[in-house]
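# Understanding the architecture of this molecule
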Amino acid sequence: MLTVDFDRAGIGPGTRVIDVGCGAGRHSFEAYRRGADVVAFDQDAPELANVATMFEAMAQVGEAPAGAKAEAVEGNALDLPYGAGEFDVVIASEILEHVPADDAAIAELVRVLRPGGQLVVTVPRWLPERVCWALSDEYHANEGGHIRIYKADELRDKITARGLRHTHRTHVHALHSPYWWIKCAVGVEKPDHALVRAYHRMLVWDMMKQPLLTRTAEKALDPLIGKSVALYFSKPAVTRAAG
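Residues numbered from 1 in each chain as written. Predicted model: local features only at pLDDT ≥ 70, side-chain atom pairs only at ≥ 80, totals over all residues. Heavy atoms only, no water.

### Describing the sheet that holds strand β5 (residues 113-124)
Within a sheet, each strand pairs with its neighbour through backbone hydrogen bonds, oriented either parallel or antiparallel. Defined as follows: Two strands are counted as paired when DSSP detects at least two bridges linking them. Only runs of H or I of at least four residues qualify as helices and only runs of E of at least two qualify as strands under DSSP, and these elements are numbered from the N terminus. Here an angle of 0 to 180 degrees is reported between the N-to-C directions of two axes, which are lines fitted to C-alpha atoms, with helices fitted over the stretch in contact.
Spatial ordering of the open sheet is given by β3-β2-β1-β4-β5-β7-β6, a layout of seven strands whose pairing is mixed. Either end of the sheet is taken by a strand with one partner, and the two such strands are β3 (69-74) and β6 (165-172). The mean inter-strand angle of the sheet, taken between neighbouring strand axes irrespective of direction, is 15°. Examined bridge by bridge, strand β4 (residues 87-93) and β5 share six bridges and lie parallel to one another.

Structure representation (structure tokens):
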């Protein structure tokens, strides 16, 4: 399940991509499949080990082009171990809502992006997230959980204040919002609850089969209850001197 539009971000053969806070690697894997040179970056060492294993498996079965490169790197998003302007595309998907010092993290995302490059940031959307918080403290009040709810315009302004230009906004994953509302209502630690299991089966079926009915329904509902908002930015190729 991808939250980022890879065509809009211009990710293809030879594109240098860093996926900051990559988690289980879903966006890193797609970038690798498209022939990009990928850094999957996260602070979770066990999760990164799984990502590295998957990169190796993809290479062995030819799921990624022969010229593509991929590596998993452990580190802190507040101190990325890369020079300024090293990446063509920077992805930060569903990470900033976890980071206390989000301004410092944004500064690093912008720093490592080359002039002319693309930054894509996704976070939980305000309304669906507010419903989850209202239904369950357990959903967010835990170690490593969500510490804030962004309004899209607020996050956009934080990033454009660093000199980037906002280019596009999308809302995605509307069918996932009711799933999380159900989980929050019955208890997030109850994955075997009948309603949770039934809705989860539907989501898996939808992701695997992509039937016209649910694809059409989600497209219509995304502007209303899309679970995530994705913001796209470009870094000016030329920075004009003040005065």
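### Some remarks on the side chain of aspartate 88
Rules: What qualifies as a polar contact is a pair of N or O atoms within 3.5 Å, subject to a donor-acceptor requirement within protein and to the restriction that residues adjacent in sequence count only when both atoms come from side chains.
Relative to the helices and strands, aspartate 88 is located in strand β4. Engagement of the side chain of aspartate 88 in a polar contact is seen with the side chain of arginine 114, the distance being 2.5 Å.

### Description of the UniProt feature "domain: Methyltransferase type" (unreviewed entry) in the chain
Filter applied, for reference: UniProt positions are given in the numbering used here, feature names are shortened, and annotations may be inferred rather than shown by experiment.
Residues given the UniProt feature "domain: Methyltransferase type" (unreviewed entry) here are residues 18-121. Helix makes up 33% of residues 18-121 and strand 30%, and the two end C-alpha atoms of the span are 12 Å apart.

### Considerations on the packing of helix α5 (residues 126-135) against helix α7 (residues 176-186)
Just so we agree on the cut-off: Should an angle fall under 35 degrees it is taken as roughly parallel, and over 145 as roughly antiparallel, whereas 65 to 115 is taken as roughly perpendicular and any remaining angle as oblique. By definition, residues are in contact when any of their heavy atoms lie within 4.5 Å. Put simply, Ala, Val, Leu, Ile, Met, Phe, Trp, Tyr, Cys and Pro go in the nonpolar bin, Asp, Glu, Lys and Arg in the charged bin, and everything else, Gly too, in the polar bin.
At a closest axis distance of 8 Å, the pairing of α5 and α7 adopts a crossing angle of 10°. Here α7 runs roughly parallel to α5, going by the angle between their axes. Residues Pro128, Val131, Cys132 and Leu135 of α5 form the contact with α7, whose own contacting residues are Ser177, Trp180, Trp181, Cys184 and Ala185. Looking at the contact of α5 with α7, its residues break down into eight nonpolar, one polar and no charged.

### As for the packing of aromatic side chains
For any two aromatic rings, the description comes down to two numbers: the centre-to-centre distance and the angle of the planes. Applied cut-off: Planes of paired rings set the category: under 30 degrees apart is stacked, over 60 is edge-to-face and the rest tilted, where pairs are Phe, Tyr or Trp rings (Trp by its six-membered ring) whose centres lie within 6.5 Å. The rule is simple: take the accessible area with a 1.4 Å probe, protein chains only, and divide by the maximum for that residue type; under 20% is buried, over 50% is exposed, in between is partly exposed. Criterion for a charge above a ring: Arg CZ or Lys NZ at most 6 Å from the ring centre, at most 35 degrees from the ring normal.
The full count for this structure, using the stated rule, is seven aromatic pairs. Here tyrosine 139 and tryptophan 180 contribute two aromatic rings whose centre-to-centre distance is 5.8 Å and whose plane-to-plane angle is 65°, an arrangement assigned as edge-to-face. Of this pair, tyrosine 139 sits in the loop between α5 and α6 (152-160) while tryptophan 180 sits in helix α7, and the two are 41 residues apart along the sequence. On the basis of relative accessibility, which here comes to 29%, the residue tryptophan 180 falls in the partly exposed class. On the basis of an interplanar angle of 80° and a centroid distance of 5.6 Å, the ring pair of tyrosine 179 and tryptophan 180 is categorised as edge-to-face. One aromatic cluster in this structure is built from Tyr139, Tyr179, Trp180 and Tyr199. One cation-aromatic arrangement involves arginine 8 over tyrosine 232; the distance from NZ or CZ to the ring centre is 6.0 Å. The aromatic ring of tryptophan 126 is capped on one face by lysine 151, whose charged end is 5.7 Å from the ring centroid.

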